[in-house]
Amino acid sequence: MRILNTDHWEEQNDGLLFFAQLIDEMLFDYTLDSYKPLALNSRLLCIEVFETTEEIRNGYIPKKNLQSVLEELVWSLNQDIAVKRILGQKFKNYLNQINPSNFKLNQTENIVRFIYNLLNERKYLEEIKKCLIELISEGKQKNKIKSLTNSFVSELINYGYNPNHIYYQNINFFFNVDKREKILCHEDLNDFFKIFDFEKKSFTVVFIGGIIFRHFRDTLNSFDIVVTKTYKCFSKLKDDLAFERSRKNDQSFVICSNVYGFDHHSAKEKAESLIGQITSIFNFYHHKEKPEIMDKCVVQRNDDNYVVIIEKATKAVLKTKTDESPSDAAKSVELALSQLKLSSESTYRFSRSIDLHGAALTSNAIENQLLDFWAALETLLPKDSESNKDRIVQICDGLVPFLQINYLSKIINELYLDLIQWNKTKINQIFNKINNHESYTDLEKTAALISLDSCKELRMELYALLGGFPLLKNRVYSLHETLSSPKSIKKVLDSHMVKINWHIRRIYRTRGLIIHSGKYPTYTAILIENLHNYLDLFLKRIIDLSIQGMIKSIEQGVFETQTALSFQLGLLESHENEELNESNFKEALLGEI
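The structure contained in this document is the topic of the report that follows. For every chain, the first residue of the written sequence is number 1, and numbering continues from 1 along that sequence. Where totals are concerned, whole chains, interfaces and linings use all residues; where local detail is concerned, this predicted model gives features only for residues with pLDDT of at least 70, and gives and counts side-chain atom pairs only at 80 or more. Processing note: side-chain calculations cover all non-hydrogen atoms of the structure and skip hydrogens and water entirely.

Attention now goes to the overall build of the protein. Under the DSSP-based scheme used, a helix requires at least four consecutive residues in state H or I and a strand at least two consecutive residues in state E, with every element numbered from the N terminus. From N to C terminus, the protein includes 25 helices and five strands. The C-alpha radius of gyration of the protein comes to 26 Å, within 12% of the 25 Å expected for a compact globule of 593 residues. Projected onto its principal axes, the C-alpha coordinates of the protein cover approximately 75 × 65 × 60 Å. Relative accessibility thresholds used throughout: buried, under 20% of the residue-type maximum; exposed, over 50%; partly exposed, between the two (1.4 Å probe, protein chains only). Counting every position in the protein, which comprises 593 residues, the buried fraction comes to 51%. We call two residues in contact when some of their heavy atoms are within 4.5 Å. For the protein, the share of sequence-separated contacts (at least 6 apart) that also reach a separation of at least 24 residues comes to 75%. The globule rule used for comparison is 2.2 Å times the number of residues to the exponent 0.38, while the radius of gyration itself is calculated over C-alpha atoms.

Salt-bridge detection follows one rule: a side-chain nitrogen of Lys or Arg within 4 Å of a carboxyl oxygen of Asp or Glu. By the definition in use, this model includes 29 salt bridges. Of the charged contacts, one joins K36 and E529 as a salt bridge, the two residues approaching to 2.6 Å between their closest N and O atoms. Here K36 is found in the loop between helix 1 (14-27) and helix 2 (42-57), whereas its partner E529 is found in helix 23 (residues 524-547), with 493 residues between them in sequence. Salt bridges sharing common partners tie together E48, E72, R506 and R509.

Here a cavity denotes grid points, spaced 1 Å and computed from the protein atoms alone, that fit a 1.4 Å probe unable to get out, and a pocket denotes an open set having protein on both sides within 12 Å along at least 5 of 7 lines; residues with an atom within 4 Å of a point are the lining. Grid points are joined across faces, edges and corners, and a volume is the space filled by probe spheres set on the points. Taken as a whole and assessed by the stated rule, the structure comprises three cavities of 30 Å³ or more. Every residue along the wall of the largest cavity is listed here: E48, E51, T52, E55, I61, R506, R509, T510, L513, P521 and Y523. Secondary structure elements with two or more residues in the lining of the largest cavity: helix 2 and helix 22 (486-517). For this classification, Asp, Glu, Lys and Arg are treated as charged, while Ala, Val, Leu, Ile, Met, Phe, Trp, Tyr, Cys and Pro are nonpolar and the rest, including Gly, are polar. Of the residues contributing to the lining of the largest cavity, the split by class is four nonpolar, two polar and five charged.

Below, the discussion takes up the sheet that holds strand 5 (residues 306-310). A pair of strands is considered paired only if DSSP assigns at least 2 bridges between the two. An order of 2-3-1-4-5 is seen for the five strands of this open sheet, with the pairing classed as antiparallel. For this open sheet the edge positions go to strand 2 (225-228) and strand 5, each flanked by a neighbour on one side alone. Across the sheet, the mean angle separating the axes of adjacent strands is 20° when strand polarity is ignored. Bridge count between strand 1 (residues 201-210) and strand 3 (residues 251-261): nine bridges; the pairing is antiparallel. In the sheet register, F207 faces strand 3, and the bridge partner there is V254. In the packing of helix 13 (residues 264-285) onto the sheet, the strands contacted are strand 1, strand 2, strand 3, strand 4 (297-301) and strand 5, and the crossing angle to strand 1 comes to about 50°. Orientation is described by axes fitted as lines to C-alpha atoms, over the contacting stretch for helices, and by angles from 0 to 180 degrees between their N-to-C directions.

To continue, consider unusual backbone geometry. Where the residue is not glycine, phi is negative for most of them; where a peptide bond is considered, it is trans in most cases. Its identity is not glycine, yet F198 carries a phi of approximately 60°, on the positive side. Relative to the helices and strands, F198 is located in the loop between helix 10 (188-194) and strand 1. Here the phi dihedral of N258 falls at roughly 55°; this positive angle occurs in a residue that is not glycine. For N258, the location among the structural elements is in strand 3. In this structure N258 comes out as partly exposed when scored by relative accessible area, which is 42%.

Here we come to the pairing of strand 3. For strand 3, a buried count of eight out of 11 residues is recorded, marking the element as mostly surrounded by other parts of the structure. Note: strand 2 against strand 3, four bridges, orientation antiparallel. What sits directly across from V227, in strand 3, is V254.

As a further point, take the packing of helix 1 against helix 8 (residues 142-159). Where helix 1 contacts helix 8, the axes come no closer than 10 Å and their chain directions differ by 45°. By the angle between their directions, the pair helix 1 and helix 8 is classed as oblique. The way helix 1 lies across helix 8 gives a crossing that is right-handed. Within the contact between the two elements, helix 1 uses D14, G15, F18, F19, L22, I23, M26 and L27 and helix 8 uses K142, I145, K146, T149, N150, F152, V153 and I157. Looking at the contact of helix 1 with helix 8 residue by residue, the class counts come to 10 nonpolar, three polar and three charged. Comment on the angle field: the value is read as roughly parallel under 35 degrees, roughly antiparallel over 145, roughly perpendicular from 65 to 115, and oblique elsewhere. Each crossing is labelled by how the near helix is turned from the far one, with a counterclockwise turn of less than a right angle marking it left-handed and a clockwise turn marking it right-handed.

For the rest of this paragraph, the subject is the packing of aromatic side chains. Pairing of aromatic rings covers Phe, Tyr and the six-membered ring of Trp, with a centre-to-centre limit of 6.5 Å; geometry is then stacked below 30 degrees between planes, edge-to-face above 60, and tilted otherwise. This structure, assessed with the given rule, holds 36 aromatic pairs. On the basis of an interplanar angle of 45° and a centroid distance of 6.3 Å, the ring pair of F192 and F193 is categorised as tilted. Using a relative accessible area of 0% as the deciding quantity, one classes F192 as buried. On the basis of relative accessible area, F193 is assigned to the buried category, the value being 6%. Centre to centre, the rings of Y416 and F431 are 6.3 Å apart; their planes meet at 20°, and the pair counts as stacked. By relative accessible area, which is 0% here, F431 ends up buried. Any Lys NZ or Arg CZ found within 6 Å of a ring centre and within 35 degrees of that ring's normal is scored as a charge over the ring. One Lys or Arg, R113, reaches over the ring of F50 and ends 3.9 Å from the middle of that ring. Positioned over the ring face of Y35 is R475, at 3.7 Å from the centre of the ring.

A few words on the pairing of strand 4. In terms of burial, strand 4 is largely enclosed, as five of its five residues are buried. Residues of strand 4 alternate between two faces, with C297, V299 and R301 on one and V298 and Q300 on the opposite face, all of them buried. By the bridge criterion, four bridges tie strand 1 to strand 4 in an arrangement that is antiparallel. Across the sheet, residue V205 finds its bridge partner in strand 4, namely V299.

Attention now goes to the side chain of S488. The topology assignment puts S488 in helix 22. Under the relative-accessibility criterion, S488 is labelled buried at 16%. Polar contacts, as used here, are pairs of N or O atoms within 3.5 Å; protein pairs need one atom able to donate a hydrogen and one able to accept it. Residues neighboring in sequence count only if both atoms are side-chain atoms. Here T482 takes part through its backbone oxygen, which lies 3.1 Å from a polar atom of the side chain of S488. Engagement of the side chain of S488 in a polar contact is seen with the backbone nitrogen of S484, the distance being 3.4 Å. Aside from chain neighbours lying at most four places away, what touches S488 is T482 and L483.

Fair warning: the whole summary comes from geometry, so function is off the table for now.
Here is the structure:
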């Protein structure tokens, strides 16, 4: 969560600023996964129903795999303001026809397709925009704005806009005075929406590649790709001129013409994908040397000659908040190698999983990244031959507790980092007013601030200071609302568990789709980010438990984590009617005893 310039805002509309800050956070590469856009909204979940139904009919997966998709669809529709407006007064009647626990394939598909037809062809997107305009003008119902913004971003991405393009357009429109001198009022939102006109445009994309591309230039020519030693700059931009000069003697310019897309970044990805396909075929016949292109490229929109120089985008596999600095990573390696004490069989599986993790990080093919991460996970959680549970159920049973056990700590720690980034001096002044603050860590102070009734006046003080930062203000308020009692905390964890199960099953289905057909959905990059994070959390907890001397095998690590989570949930349930206080808030929120 970043503080961005709003000095040029004539009238600081709370709802509009919240919307703009929310998009910035959602699309920032290293935002916590919990605050990234949802992989699927209501319309996209309808499509997932159709795809899963086809997989069932083709005999690739059992019929019961559709249940979790239908459960998520029903949940999403119930939360979706835009869908409720489109379906009108008969909304409940339509929804009641979908029964996830007892469904007929053809009947259910027909009902979902009826709903989808009312949402398709950007009708759903247009309703989302109408709802956002109304709510943002009022500026009050932040949770509804958040939900709609999430669906808005998901729609743009899945219709073909690149997330980087949306990210930069949001910054330039709302926070860059050089691009837009004034933000006048919430009516500027219409101008922002007009940026995304869904008109495909022609682009020319210029890469620098190895000299080996010259060997099959005739083949490339048939795809409107020219390999040449010369490139006449599209613009007088400093970076464009530097790009022209950067070609070495053993390199060529690879110029892709007539590339169509909604934006520069999408065109670059499309050209890159085409080159990748052609060079893969080349490598089928020539193994020794792989044709490769450099990270930086120049992209020109042909109708107005608008040029963007694009550095290499961060791969989905590398978008993680858990990445350590080289020096810290070296220390972690030393500690893990010297003190990791697992049985020989567990050590082998652990090492093999690390190898597969590494293969995913280095792979350029998005489908291989997902397959490698999933293989790394299955290596850690092999099939239990004595269990009669389905494979995916076994994986969820083993993995979900690792994602649950420190979920609240992760969320609270992220809030702490956002608060000190906002104003370290002021937040420390507030922390110092908390009772017994001397005995608390910074994480515990943050937990106390958002949860304890005794900190109510301090929260009011903080809200007043955060007037110009509605996203952070809402984050504090929302966490207080959901984490202020044992009962509400357990509700959050139960809801998180259900959603995580849905998502792991989605990743499992996508893995099957890749294997069976070679296809993968538009939201696969999001799945890879999530799966990478899940795997890292699992591996790091196994390392920590082993170093502490608590376990000698991966199975013991799974058992301990399942038991710790069960114990925490049991405590919350047994004390659900009590209030949080100084003696129990750490145990309830952070799992401390």
